[in-house]
Amino acid sequence: VQLQASGGGLVQPGGSLRLSCAASGSIFSINDMGWSRQAPGKQRELVATITSGGYTYYAGSVKGRFTISRDNAKNTVYLQMNSLKPEDTAVYYCNQVINDKGFRRTYWGQGTQVTVSS
């Protein structure tokens, strides 16, 4: 199984970006999906998660600005980021909890850089 993240880039404060993360390979089903981020010199922090039933969680710092969603037919999780701030600058990592052949394992994407700067 591989996760491919995309959609990062440079954006001005107040702008928007949409991140995508698609899983490929041997997949029976997918449980939780999520996004985390790591800014320079800081620990990785959880940004948002979404369960297979569609329940979502957001970190307080992004609530009301970011929206996580998923397309189960495409094994893809999205993160719509609006009203971006310089403090949102970080490498964003996706993860998916994937079931296959009786095993459940968490897979991580390679990370995509988001830079918010004027």
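Rules used in this analysis
Residues numbered from 1 in each chain as written. Predicted model: local features only at pLDDT ≥ 70, side-chain atom pairs only at ≥ 80, totals over all residues. Heavy atoms only, no water. Helix = DSSP H or I, 4+ residues; strand = E, 2+ residues; numbered from the N terminus. Buried < 20%, exposed > 50% of the residue type's maximum accessible area, 1.4 Å probe, protein only. Polar contact = N/O pair within 3.5 Å; in protein donor to acceptor, adjacent residues only side chain to side chain. Contact = heavy atoms within 4.5 Å. Phe/Tyr/Trp six-rings, centres within 6.5 Å; stacked < 30°, edge-to-face > 60°. Lys NZ or Arg CZ within 6 Å of the ring centre and 35° of its normal. Core = buried A, V, L, I, M, F, W, Y, C linked by side-chain atoms within 4.5 Å. Pairing = 2+ DSSP bridges. Axes fitted to C-alpha atoms, helices over the stretch in contact; angles between N-to-C directions.

Engineer: Before we move on, can you summarise the side chain of glutamine 96 with the specific residues and values?
Structural biologist: Following the sequence through the fold, glutamine 96 ends up in strand E9 (residues 90-100). Its relative accessible area of 0% is what places glutamine 96 among the buried residues. Among the polar contacts listed, one links the side chain of glutamine 96 to the backbone oxygen of cysteine 21, at a separation of 3.3 Å. Looking at glutamine 96, its side chain comes within polar contact range of the main-chain oxygen of asparagine 75, at 3.3 Å.

Engineer: Run through the environment of threonine 115, naming residues and quoting values.
Structural biologist: Here threonine 115 is to be found in strand E11 (residues 112-116). Given a relative accessible area of 25%, threonine 115 falls into the partly exposed group. Taking the C-alpha atoms as reference points, threonine 115 and aspartate 88, 27 residues apart in sequence, are found 7.5 Å from one another. Once residues lying within four places of it in the same chain are set aside, the contact partners of threonine 115 are Gly9, Leu10, Val11 and Thr89.

Engineer: Please give an account of the packing of aromatic side chains that cites residues and values.
Structural biologist: Evaluated as defined, the whole model comprises 0 aromatic pairs. Lying over the aromatic face of tyrosine 78, arginine 18 brings its terminal NZ or CZ to 4.0 Å of the ring centre. Here the basic side chain of arginine 44 rests over the ring of tyrosine 93, its NZ or CZ set 3.8 Å away from the ring centre.

Engineer: I'd like a rundown of the nonpolar core, residues and numbers included.
Structural biologist: By size, the foremost hydrophobic cluster in this structure holds 30 residues, and its most contacted members are Trp35, Leu79, Met81 and Tyr92. Taken together, the elements giving at least two residues each to this core come down to strand E1 (2-6), strand E3 (17-24), strand E4 (29-38), strand E5 (45-50), strand E7 (66-71), strand E8 (76-81), E9 and E11. With residues near it in sequence (within four places) discarded, tyrosine 92 still touches Leu19, Trp35, Ser36, Arg37, Val47, Phe66, Leu79, Met81, Gly111, Thr112 and Val114.

Engineer: Can you break down the pairing of E11 residue by residue, with the values?
Structural biologist: Regular strands show a simple pattern: their side chains alternate between the two faces of the sheet. By the alternation rule, side chains of E11 split into Thr112, Val114 and Val116, which are all buried, and Gln113 and Thr115, of which none is buried. Relative to E11, E9 runs antiparallel, the two being bridged by 3 bridges. Pairing of tyrosine 92 across the sheet is with threonine 112, part of E11.

Engineer: Got a sec to walk through the pairing of E9? Specific residues and values, please.
Structural biologist: Where burial is concerned, most of E9 is hidden: 10 out of the 11 residues are buried. Taking the residues that link successive antiparallel strands as the turn, the E9-strand E10 (residues 103-108) hairpin has 2 residues, and the phi of lysine 101 there is positive, at about 55°.

Engineer: Tell me what's going on with the sheet that holds E3, and back it up with residues and numbers.
Structural biologist: What holds strands together in a sheet is hydrogen bonding between their backbones, with the strands either parallel or antiparallel. Within the open sheet, the 4 strands sit side by side as E1-E3-E8-E7. Their pairing is antiparallel. Strands with a single pairing partner mark the edges of an open sheet, and in this sheet they are E1 and E7. Between one strand axis and the next, the sheet turns by 15° as a mean value, whatever way the strands run. Sheet topology note: the E3/E8 ladder contains 6 bridges and is antiparallel. Across the sheet, leucine 17 pairs through a bridge with methionine 81, a residue of E8.

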